[in-house]
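Topology and contacts: notes
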Amino acid sequence: MFMIDSRVAKLGAHGSAVVFPGQGAQSSGMGRRAYEASQAARDTYSEASEIVGVDLAKICFESDEDALASTHNTQPAVLTTSLATYRAMKEKLNEINFTIDPQFFGGHSMGMFTAAVASGALSFKDSLGLILERSRLMGSFNEARPVGMAAIIGLEYDVVAEVCSTATSGPENRVDVANHNEDLQTVISGDVAALERAMGIVKGKHGKAIRLKLKVSSHTPLHESQASEFAEIVRKVDFKSPCAPIVSNIGSHLMVSGIEVRNEFEDQLKSPVMWASNVRKMISEGIELFIEAGPGHSLSRMIRRINSTSIAVSLDDARQDPIPISIFATESIN
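Residues numbered from 1 in each chain as written. Predicted model: local features only at pLDDT ≥ 70, side-chain atom pairs only at ≥ 80, totals over all residues. Heavy atoms only, no water.

Now for the pairing of strand E2 (residues 104–107). Side chains on a regular strand alternate between the two faces of the sheet. The two faces of E2 match: Phe104 and Gly106 on one face and Phe105 and Gly107 on the other face are all buried. Where strand E1 (residues 16–20) lies against E2, 4 bridges are found, and the strand directions are parallel. Across the sheet, Phe20 pairs through a bridge with Gly107, a residue of E2. (Buried < 20%, exposed > 50% of the residue type's maximum accessible area, 1.4 Å probe, protein only. Helix = DSSP H or I, 4+ residues; strand = E, 2+ residues; numbered from the N terminus. Pairing = 2+ DSSP bridges.)

Structure, rendered in structure tokens:
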């Protein structure tokens, strides 16, 4: 019998948000426990595999870290695993006659595609089609131009932005802020030479610079051309109003219409992800419980560091089988 933390039970109907991770959250074997425990999860993997024409369960469960890091694998795999985990949660809660109706949905970078599907703004089939086009555009850019990403820890956002400006020597040798994740954690992205210069400047300012194991760049003006091409693809897809607002990565405003969601995806590749502002926006709107649905627990840990009084749990942090709902035991919240 599943046990639900009393705080979760109290906040489940009100004051909760579900958030979905993006590229970088992947790990070999991700989603296996949800797949084994939940028919809804199995159906999700089966549906996705039929749409994309490859066995996504096999890619998630059997690929090594390097194969998963290839963007054409990573993006559909993380999307499918995140949605499978969310659907498994709903299925398991339904078995004990408990319902969580999120007040908001959020997603980090490509996690926005999962948020759009979970909220009903975008069909799963269309989301996978868009993700494949997105990964194609990002992958082709990386093949033509050496780029990378790095996490900067210990420096405020404005300082990191100034570092990027100093390290940029021109349009063909630039680095920019890609993600503002926490007050003192920012991700930068750009041409390798400029990226390495920025990392050196960061170390001179007593910050920490960690090169990420990603084979792409994203969320910077480097991708103006790819963003324009992707926007043309996005405009051909049907978007509906979400069942609950989705928080914009770009402006941290609440998106309540299909047009707003479409506009977000049109600009996403060239715009930074303002995650810390996203979290604070949801908190200001009354959110006390954050549920991270997908591989890993990076978002829930970020949220707890942004606001220590928030309850933030990851469905991938299960201590018991079957998942996902067993993680709501109090002792499982770190």
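Here we take up the layout of surface pockets. Counted as a void, the largest pocket has a volume near 740 Å³. Forming the walls of the largest pocket are 34 residues, and the residues nearest its centre are Gln23, Gly24, Ala25, Leu212 and Leu214. When residues of the lining of the largest pocket are traced back to their parent elements, those giving at least two are helix H5 (65–69), helix H8 (124–144), strand E3 (147–153), strand E4 (175–182), strand E5 (185–191) and helix H14 (298–306). It is H14 that provides the largest number of residues to the lining of the largest pocket, a total of 4 residues. Of the residues contributing to the lining of the largest pocket, the split by class is 16 nonpolar, 14 polar and 4 charged. (1 Å grid on protein atoms, 1.4 Å probe; cavity = no way out; pocket = protein on both sides within 12 Å on 5 of 7 lines; lining within 4 Å. Points joined across faces, edges and corners; volume = space filled by probe spheres on them. Nonpolar A, V, L, I, M, F, W, Y, C, P; charged D, E, K, R; others polar.)

As a further point, take the packing of aromatic side chains. Following the criterion strictly, the structure yields 8 aromatic pairs and no others. For the pair Phe113 and Phe265, a centre-to-centre distance of 4.2 Å together with 15° between the ring planes defines the contact as stacked. Of the two residues, Phe113 is situated in helix H7 (residues 111–118) and Phe265 in helix H12 (residues 258–267); the sequence distance between them amounts to 152 residues. Judged on exposure class, the residue Phe113 and its partner Phe265 are both buried. One aromatic cluster is present, built from ring pairs that chain together Phe113, Phe230, Phe239 and Phe265. Note that Arg87 overlies the ring of Phe124, its terminal NZ or CZ placed 5.4 Å from the centroid. (Phe/Tyr/Trp six-rings, centres within 6.5 Å; stacked < 30°, edge-to-face > 60°. Lys NZ or Arg CZ within 6 Å of the ring centre and 35° of its normal.)

Before going further, it helps to spend a moment on the pattern of salt bridges. Taken as a whole and judged by the stated rule, the model has 15 salt bridges. Close ionic contact of Asp176 with Arg174 constitutes a salt bridge, the shortest N to O distance being 2.8 Å. A relative accessible area of 23% places Arg174 in the partly exposed class. Across the salt bridge formed by Lys240 and Asp238, the nearest N and O atoms sit 2.8 Å from each other. Residue classification places Lys240 among the partly exposed positions, given a relative accessible area of 48%. Overall, Asp238 belongs to the partly exposed group, its relative accessible area being 44%. (Salt bridge = Lys/Arg side-chain N within 4 Å of Asp/Glu carboxyl O.)

With their axes 11 Å apart at the nearest point, H7 and H12 run at an angle of 165° to one another. Considered as vectors, H7 and H12 are oriented roughly antiparallel to each other. Here H7 runs over H12; the crossing is left-handed. Packed against H7, whose contacting residues are Met112, Phe113 and Ala116, the element H12 presents Val261, Glu264 and Phe265 at the interface. Of the residues in the contact of H7 with H12, the class split is 5 nonpolar, no polar and 1 charged. (Axes fitted to C-alpha atoms, helices over the stretch in contact; angles between N-to-C directions. Parallel < 35°, antiparallel > 145°, perpendicular 65-115°, else oblique. Left-handed = near helix turned anticlockwise from the far one by under 90°. Contact = heavy atoms within 4.5 Å.)

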